[in-house]
Amino acid sequence: MIDMALLPLYLSAVVALLLIPGPDMLLIASSSLSYGKKVGVYASFGNATSGVILTLLAALGVSALVAMNPMALEVLRVLGGAYLLKMGWDCMRSGAADTPEVSCQSNLAKQLYKRAVFSNLLNPKALIFFVLFLPQFVSSQLTASSGEQMLALGLLLNVMGLSFNLLLVALVGTLGKPLLKNEKFRANQNKFMGVIFFVLAIWLLASQVKGVA
């Protein structure tokens, strides 16, 4: 369901996009640095989950309908910003005693999974990206419908994105090991993540989102 003639160009474009730092990369890297590889892996799968959902919405044409409605995009942007601000505030209110040990972080990992899912789904730019990017590689030479092609392209994008993010987690998580053993850092790691969520909130709320004409 992918035009082999367009595949090299598509793969090149995806690699270039993955290398550009963005909110998802910041959240995954900071999670790995602050809480270890396990939490970073969960955040990566959370991001991939939201990507699959956005792919399905794009293939069904739902995301295009939302992207053409400026009011819907504005509501998404405000909700997304408010959600990130709440996450930041929750982290800031948490003390060092609320931070689980590295060896038992299952609950924290699940929390970061959910946060990664919702922060991406509530980002209107992510939705618009799928609406604008995937259709460029839909081919009229194939018998598959545009929806089927966008589904295949989106799933390939998500597999590549997840692979890239897991490599990022392995790298950042390894580099961050000494920090996780540092008592001073451990005492402030929740506050560090709070700052990250505040930065993401400002990033989203300050951005200009335009619908698809």
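Our structure is the block above this text.
Because the structure is predicted, anything quoted here is derived from the model rather than measured. (Residues numbered from 1 in each chain as written. Predicted model: local features only at pLDDT ≥ 70, side-chain atom pairs only at ≥ 80, totals over all residues. Heavy atoms only, no water.)

Peer 1: Before we go on, may I ask you to explain the nonpolar core in this structure?
Peer 2: In this structure, Y10, L127 and F197 are the most contacted members of the largest nonpolar core, which totals 41 residues. At the level of elements, α1 (7–19), α2 (23–35), α3 (37–60), α5 (70–93), α6 (106–121), α7 (124–133), α8 (146–175) and α10 (183–205) are the ones that each hand at least two residues to this core. When sequence neighbours within four positions are dropped, the list of residues in contact with F197 reads L27, L84, M87, G88, C91, L112 and R115. Listed in part, the seven residues of the second largest apolar core include A43, L168, V169 and V172. (Core = buried A, V, L, I, M, F, W, Y, C linked by side-chain atoms within 4.5 Å. Buried < 20%, exposed > 50% of the residue type's maximum accessible area, 1.4 Å probe, protein only. Helix = DSSP H or I, 4+ residues; strand = E, 2+ residues; numbered from the N terminus. Contact = heavy atoms within 4.5 Å.)

Peer 1: Please explain the packing of aromatic side chains as it appears in this structure.
Peer 2: For any pair of aromatic rings, the description rests on two quantities: the centre-to-centre distance and the angle between the ring planes. Within the structure shown, the criterion is met by six aromatic pairs. Where Y83 meets F118, the ring centres are 6.0 Å apart and the plane angle is 55°; that geometry is what we call tilted. Highlighted residues: Y83 in helix α5 and F118 in helix α6, separated in sequence by 35 residues. Connected via pairs of aromatic rings, a cluster forms that spans Y10, F129, F130, F133 and F137. (Phe/Tyr/Trp six-rings, centres within 6.5 Å; stacked < 30°, edge-to-face > 60°.)

Peer 1: Help me out: how do you make sense of α7 in this one?
Peer 2: What sets the pattern is the α-helix's 3.6 residues per turn: residues three or four places apart point alike. For α7, the tally of buried residues reaches seven of ten residues, placing the bulk of the element in the interior. Taken together, the buried positions of α7 are occupied by P124, A126, L127, I128, F130, V131 and F133. For α7, the capping residue at the N-terminal end is N123, with a side-chain oxygen 3.0 Å from the backbone nitrogen of K125. (Polar contact = N/O pair within 3.5 Å; in protein donor to acceptor, adjacent residues only side chain to side chain.)

Peer 1: I would appreciate a short explanation of the pattern of salt bridges in the present structure.
Peer 2: Side chains carrying opposite charge are able to pair once their charged atoms draw close together. Tallied over the full model, the rule gives three salt bridges. The residue R93 makes a salt bridge to D90 at a minimum N-O spacing of 3.5 Å. Of this pair, R93 and D90 both sit in helix α5, three residues apart, which is roughly one turn of the helix. One network of salt bridges, with partners in common, ties together K86, D90 and R93. (Salt bridge = Lys/Arg side-chain N within 4 Å of Asp/Glu carboxyl O.)

Peer 1: What's the story with the side chain of S119 in this structure? I'm lost.
Peer 2: Relative to the elements of secondary structure, S119 occurs in helix α6. The buried category is assigned to S119, whose relative accessible area is 13%. If sequence neighbours within four positions are ignored, S119 has contacts with L27, Y83 and L84.

Peer 1: Sorry, what's going on with α2 here?
Peer 2: The end-to-end C-alpha distance of α2 is 18 Å, a good match for the 18 Å that 13 residues give at a rise of 1.5 Å each. Where α2 is concerned, the buried positions are M25, L27, I28, A29, S30, S31, S32, S34 and Y35. A positive phi of about 105° marks G36, the residue just after α2. (Expected span 1.5 Å × (residues − 1).)

Peer 1: Quick question: what am I supposed to make of the packing of α1 against α8 here?
Peer 2: Helix-helix packing is described using two parameters, namely the angle between the two axes and the distance between the axes. Closest axis-to-axis distance for the α1/α8 pair is 10 Å, and the angle between their directions is 40°. Classed by the angle they form, the pair α1 and α8 counts as oblique. Like other packed secondary-structure pairs, α1 and α8 cross with a definite hand, here right-handed. Residue-level inspection shows L7, Y10, L11, V14, V15, L18 and L19 of α1 in contact with α8, the latter providing L153, G154, L156, L157, M160, G161 and F164. Residue composition of the contact of α1 with α8, grouped by class: twelve nonpolar, two polar and no charged. (Axes fitted to C-alpha atoms, helices over the stretch in contact; angles between N-to-C directions. Parallel < 35°, antiparallel > 145°, perpendicular 65-115°, else oblique. Left-handed = near helix turned anticlockwise from the far one by under 90°. Nonpolar A, V, L, I, M, F, W, Y, C, P; charged D, E, K, R; others polar.)

Peer 1: Where do I start with the environment of G61 in this structure?
Peer 2: Note on placement: G61 falls in the loop between α3 and α4 (62–67). Along the sequence, G61 and V131 sit 70 residues apart, while their C-alpha atoms lie 8.5 Å from each other.

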